[in-house]
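Spelled out, the chains give:
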Amino acid sequence: MSYLPEGLPAPSPGADELSAPYWEGTRREKLLIQFCRGCGHWQWGPEWICHRCNSFDLDWREVAGRGVIYSYQRIWHPVHPALNGHGPYIAVLVELPDAGGVRMVGNLLGDPRQQVPIGGAVAAVFEHHEAAHPPFSLVQWRLG
């Protein structure tokens, strides 16, 4: 069962295909984050150059799908027509200790009125949308 309703636009790696490795990883239930081979810096979102040393020698590395909640927002007003009647929902900013502390946004699964503990441990959950064209997978988060 999907957390998000059908009808939302499918994510895309864009015309430049920069984030294609990330989206391919989600299809295989792997969380891939960019890593600079030049200086060892992790970064998110994807870029063509390293945020720290400006190297073009970037790689995608698998990290544990575990993190901690850095911040959150309980969203009451839909940001897309497909979300009408779907709120509230919780968007979390998750810090990934295994990736140098980079932070990424995702939905927190479960009761939308639940208490959200800052610093609480979360685990990645891969939500597959097989009926979409093309099929895609999203990273959601669950406490624990």
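### A short note on the packing of aromatic side chains
Thinking step 1. Throughout the structure, instances matching the rule amount to three aromatic pairs.
Thinking step 2. Ring geometry for Tyr22 against Trp44: centres 4.8 Å apart, planes inclined by 55°, an arrangement best described as tilted. A residue pair is termed long-range when its members are at least 10 positions apart, and Tyr22 in helix α1 (residues 20-27) and Trp44 in the loop between β2 (42-43) and β3 (58-63) qualify at 22 residues.
Thinking step 3. Note on Tyr22: relative accessible area 6%, which makes it buried.
Thinking step 4. We classify Trp44 as partly exposed; its relative accessible area is 26%.
Thinking step 5. A cation over an aromatic ring shows up here: Arg103 above the ring of Tyr70, its NZ or CZ 3.4 Å from the ring centre.

### Things to note about the nonpolar core
Thinking step 1. Among the nonpolar cores identified, the biggest contains 23 residues, and Leu31, Ile33, Val92, Leu96 and Trp141 are the most heavily contacted of them.
Thinking step 2. Ranked by size, the runner-up nonpolar core spans ten residues in total, among them Tyr3, Ile75, Ala132 and Leu138.

### Considerations on unusual backbone geometry
Thinking step 1. Residue Gly87 is joined to Pro88 through a cis peptide bond whose omega torsion reads -5°.
Thinking step 2. With respect to the helices and strands, Pro88 occurs in the loop between β4 (66-75) and β5 (89-96).
Thinking step 3. With omega at 0°, the peptide bond leading from His133 into Pro134 counts as cis.
Thinking step 4. Assignment of secondary structure puts Pro134 in the loop between β7 (121-129) and β8 (136-143).
Thinking step 5. Look at Glu17: it is not a glycine, yet its phi comes out positive at around 60°.

Analysis parameters
- Residues numbered from 1 in each chain as written.
- Predicted model: local features only at pLDDT ≥ 70, side-chain atom pairs only at ≥ 80, totals over all residues.
- Heavy atoms only, no water.
- Phe/Tyr/Trp six-rings, centres within 6.5 Å; stacked < 30°, edge-to-face > 60°.
- Helix = DSSP H or I, 4+ residues; strand = E, 2+ residues; numbered from the N terminus.
- Buried < 20%, exposed > 50% of the residue type's maximum accessible area, 1.4 Å probe, protein only.
- Lys NZ or Arg CZ within 6 Å of the ring centre and 35° of its normal.
- Core = buried A, V, L, I, M, F, W, Y, C linked by side-chain atoms within 4.5 Å.

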